[in-house]
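Each chain, letter by letter, is given below.
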Amino acid sequence: MPKDPAGRLIPGRPSPTRAVPSAIPRPEYVGRAAPTPNTGGDRYSADEVERIRAAGRVAAGAIEAAARAIRPGATTDELDRIAHEHVVAHGAYPSTLGYRGYPKSSCTSVNEVICHGIPDDTVLEDGDLVNIDVTAYLDGVHGDLNHTFLVGEVSEETRLLVERTREALARGIRSVAPGRQVNVIGRAIESYARRFGYGVVRDYTGHGVGRAFHTGLVIPHYDDPNATTVMEPGMVFTIEPMLTLGTTEWDLWTDDWTVVTRDRSLTAQFEHTVAVTERGAEILTLP
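Attention here is on the structure that accompanies the text. The shown structure was predicted, so the numbers you read here are calculated from the model rather than taken from an experiment.

### Thoughts on the packing of helix H3 (residues 156–174) against helix H4 (residues 183–194)
(1) Moving on: Taken N-terminus to C-terminus, the directions of H3 and H4 make an angle of 150 degrees; their axes are 8 Å apart at the nearest point. With respect to H4, the axis of H3 lies roughly antiparallel. Note that H3 runs across H4; the crossing there is right-handed. For the pair H3 and H4, the contacting residues are Arg164, Glu167, Ala168, Arg171 and Gly172 in the first and Ile185, Ala188, Ile189 and Tyr192 in the second.
(2) Moving on: A breakdown of the residues in the contact of H3 with H4 according to their chemical character gives five nonpolar, one polar and three charged.

### A word on the side chain of aspartate 42
(1) Moving on: As for its position among the elements, aspartate 42 is in the segment before helix H1 (46–67).
(2) Moving on: Within the buried core, aspartate 42 has no salt-bridge partner, and the shortest N-O distance to an opposite charge, that of arginine 211, equals 6.8 Å.
(3) Moving on: In this structure the side chain of aspartate 42 is engaged in a polar contact, spanning 2.5 Å, whose partner is the side chain of threonine 215.
(4) Moving on: Ignoring sequence-local partners within four residues, the contact set of aspartate 42 consists of Gly208, Arg211, Thr215, Leu217, Gly234, Met235 and Val236.

### Here we look at the packing of aromatic side chains
Describing an aromatic ring pair means giving the distance of the ring centres and the angle of the ring planes.
(1) Moving on: The tally for this structure, following the rule as stated, stands at seven aromatic pairs.
(2) Moving on: Judged by centre distance (6.4 Å) and plane angle (25 degrees), the ring pair of tyrosine 29 and phenylalanine 213 falls under stacked. Here tyrosine 29 is found in the segment before H1, whereas its partner phenylalanine 213 is found in the loop between strand S7 (206–207) and strand S8 (218–219), with 184 residues between them in sequence. For the pair formed by tyrosine 29 and phenylalanine 213, the shared burial category is buried.
(3) Moving on: With a centroid separation of 5.7 Å and 35 degrees between ring planes, the pair formed by phenylalanine 196 and tyrosine 198 is classed as tilted.
(4) Moving on: When its relative accessible area of 30% is taken as the criterion, phenylalanine 196 is described as partly exposed.
(5) Moving on: Accessibility expressed as a relative area gives 10% for tyrosine 198, which makes it buried.
(6) Moving on: Put simply, the rings of Tyr29, Tyr99 and Phe213 touch in pairs and so form one group of aromatic residues.

### What about the sheet that holds strand S9 (residues 236–239)?
(1) Moving on: Strand order in the open sheet formed by three strands is S9-S14-S15, and the pairing between neighbours is antiparallel. Strands at the two margins of the open sheet, each flanked by one partner only, are S9 and strand S15 (281–283). Taking each pair of neighbouring strands and ignoring which way they run, the sheet shows an average axis angle of 40 degrees.
(2) Moving on: Direction of pairing for strand S14 (residues 272–276) relative to S15: antiparallel, over a ladder of three bridges. Bridge pairing links valine 274 to isoleucine 283 in S15.

Rules and cut-offs
Residues numbered from 1 in each chain as written. Predicted model: local features only at pLDDT ≥ 70, side-chain atom pairs only at ≥ 80, totals over all residues. Heavy atoms only, no water. Axes fitted to C-alpha atoms, helices over the stretch in contact; angles between N-to-C directions. Helix = DSSP H or I, 4+ residues; strand = E, 2+ residues; numbered from the N terminus. Parallel < 35°, antiparallel > 145°, perpendicular 65-115°, else oblique. Left-handed = near helix turned anticlockwise from the far one by under 90°. Contact = heavy atoms within 4.5 Å. Nonpolar A, V, L, I, M, F, W, Y, C, P; charged D, E, K, R; others polar. Buried < 20%, exposed > 50% of the residue type's maximum accessible area, 1.4 Å probe, protein only. Lys, Arg positive; Asp, Glu negative; His and termini not counted. Salt bridge = Lys/Arg side-chain N within 4 Å of Asp/Glu carboxyl O. Polar contact = N/O pair within 3.5 Å; in protein donor to acceptor, adjacent residues only side chain to side chain. Phe/Tyr/Trp six-rings, centres within 6.5 Å; stacked < 30°, edge-to-face > 60°. Pairing = 2+ DSSP bridges.

Any link to function would need more than the numbers given here.
This is the structure in structure tokens:
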């Protein structure tokens, strides 16, 4: 596992870019420096929501497939290969591949990596945690989720961080309701995380998703008084809290993607794509 003398993660060696069959439609941003700005808003018809659900189901299946290979000795590149093959086998495109130049079909974030870890020859070790983030593009829409997994035998502190981050996501989802401002989501997450002294990352957020990978809608995971967008039935977005055992300050690796906690404390994340309904929220990224 690539580490420096202090035991901190360092970049490994990624494998060549994986191919996607030419018959699978690409998102508009593939081969371009940046996506076209979204102009379609964040509300969707019932038929469009079902298309997002179908994409989300493919992404969720890819995470399930990759998770079965998690063990001490596995590499993050191997997890990416499995996720990639699952997505393309279902006629979908792995949304991260080629998004603003990102080179892989998933993000694999180990230990102190908050998000956007690039799969490479990093070897998972007993006691690690690893987050797998997959988005699938199918029938013109994206479905996005991630889960954090334990590797082998882990410490009680690590287990509780992962368990409580999953619960923080659940509480954020339960707070969704039409007529409420989106800051209630972060309020629910932050108030729960503070019980245990966890940090809640502020600079990386949930986002609108569907016709675009990131629509421009921001969903903070803390109680942001500026997050005044009112939720309406048919809106679709992700909720994806990132909790840490230490600081919420972060450093960015020279690859311009990998975000790590500045104090190198452990961090965990869970994410679902949800649709606002008349009564609350419906998760669209279940297997």
